[in-house]
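# Breakdown of the fold
The residues making up each chain are set out below.
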Amino acid sequence: MDSQLAISLMFIFLSAMLQSTTGFGFALLSVPALSLVYGPHVAVPLIMIVSYVTILLNVKKVYQEREKGTVKKLFIGSLFGVPIGLLIFLYANVDLLKLFFGLITLLISSLFLFKDYFINLIKNIKQGEYISGAISGIMTTSVGMPGPAVMLFLESKKQEQGPYRATGLVYLFLVYPIPILSFLLAGLINLFIIKLALLLIPISILGMITGNYIHNRISKRVFSTLTYSILLSTGLIIFATTLF
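The following paragraphs examine the structure supplied in this document. (Residues numbered from 1 in each chain as written. Predicted model: local features only at pLDDT ≥ 70, side-chain atom pairs only at ≥ 80, totals over all residues. Heavy atoms only, no water.)

If you tally the helices and strands in the chain, you get twelve helices and zero strands. Counting helices and strands in the order they occur from the N terminus, the chain gives α-α-α-α-α-α-α-α-α-α-α-α. Burial analysis of the chain (244 residues in total) assigns 54% to the buried set. (Helix = DSSP H or I, 4+ residues; strand = E, 2+ residues; numbered from the N terminus. Buried < 20%, exposed > 50% of the residue type's maximum accessible area, 1.4 Å probe, protein only.)

Okay, structure coming up:
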């Protein structure tokens, strides 16, 4: 097994475990790491395909716990953001995209360090679902990370972990087919990406099963702290390798 595949397998396992535990986080953890290995134009469509498989396997179990109105408004908002993000992804320079990945990763880590402040800010924004959905749509197709804007919005609603996780998964279930189809039509999903996705899907399923097992057995705070420590390190590595 080569080092590229070993790194990919490790991050896919951790990402699938994170998504099964919290409802979000697959792309957040895996896209920055795999963009270092394969570059952004491979990492983003690859992770969307692999992530969507874990979503499909999880969504039926939690579907009834979703907040239907919130999912609908988030999805409508995302439709305005997806085309903007796609233009960024198609026409931005690769090194610029990597720097953008690093910046977004570091910003997201910072957001969650000071999330109480941002949660209070979001609570006072009218039509927050539509705005969060639009930001999520832009991030979905530009950097392959739909979750952060939606995570912060759902945190601001002080939901229980069950509905929080369900609402997030159902939203991702609805939004992911749009960028995947867009990438297919743009010729960005090739045979190499499909073969690599087929190799990574089994380990993502194993990570999903592990995440489901520990969902009620580990503190969300402990898991979140570990996740954002990895995320912060990944962002710093992206910056260092791109600039130097």
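Read on, since the account is not over.
A few words on the nonpolar core. Note that soluble globular proteins tend to have their nonpolar side chains buried in a common cluster. Grouped together as the largest cluster of nonpolar side chains are 56 residues, with contacts concentrated most on Leu34, Leu46, Val50, Tyr176, Phe183 and Leu200. In terms of residues, this core owes the most to one element, helix H3 (residues 40-62), which gives eleven residues. Tyr176 has contacts with Ala27, Met48, Ser51, Tyr52, Ile55, Gly144 and Pro146, leaving out every residue within four places of it along the chain. (Core = buried A, V, L, I, M, F, W, Y, C linked by side-chain atoms within 4.5 Å. Contact = heavy atoms within 4.5 Å.)

Next up on the list: the environment of Ile214. Position of Ile214 among the secondary structure elements: in helix H11 (residues 191-214). Sequence-wise, Ile214 and Thr21 are 193 residues apart; in three dimensions their C-alpha atoms are separated by 7.1 Å.

We now examine a nonpolar patch on the surface. Together, Ile76, Leu79 and Phe80 give the surface a local cluster of nonpolar side chains, amounting to about 290 Å² of exposed area. Here Ile76 lies in helix H4 (residues 68-91). (Patch = residues over 30% accessible without salt bridge, like charges linked within 9 Å, V, L, I, M, F, W, Y side chains within 5 Å. Areas by Shrake-Rupley, 256 points an atom, 1.4 Å probe, with all protein chains shown as cover. Salt bridge = Lys/Arg side-chain N within 4 Å of Asp/Glu carboxyl O.)

A word on the environment of Gly133. Along the polypeptide, Gly133 turns up in helix H7 (residues 128-143). The sequence separation of Gly133 and Gly147 amounts to 14 residues, and the corresponding C-alpha distance is 9.6 Å. Ignoring anything within four residues of it in the chain, the contact list for Gly133 reads Leu74, Gly77, Ser78 and Tyr171.

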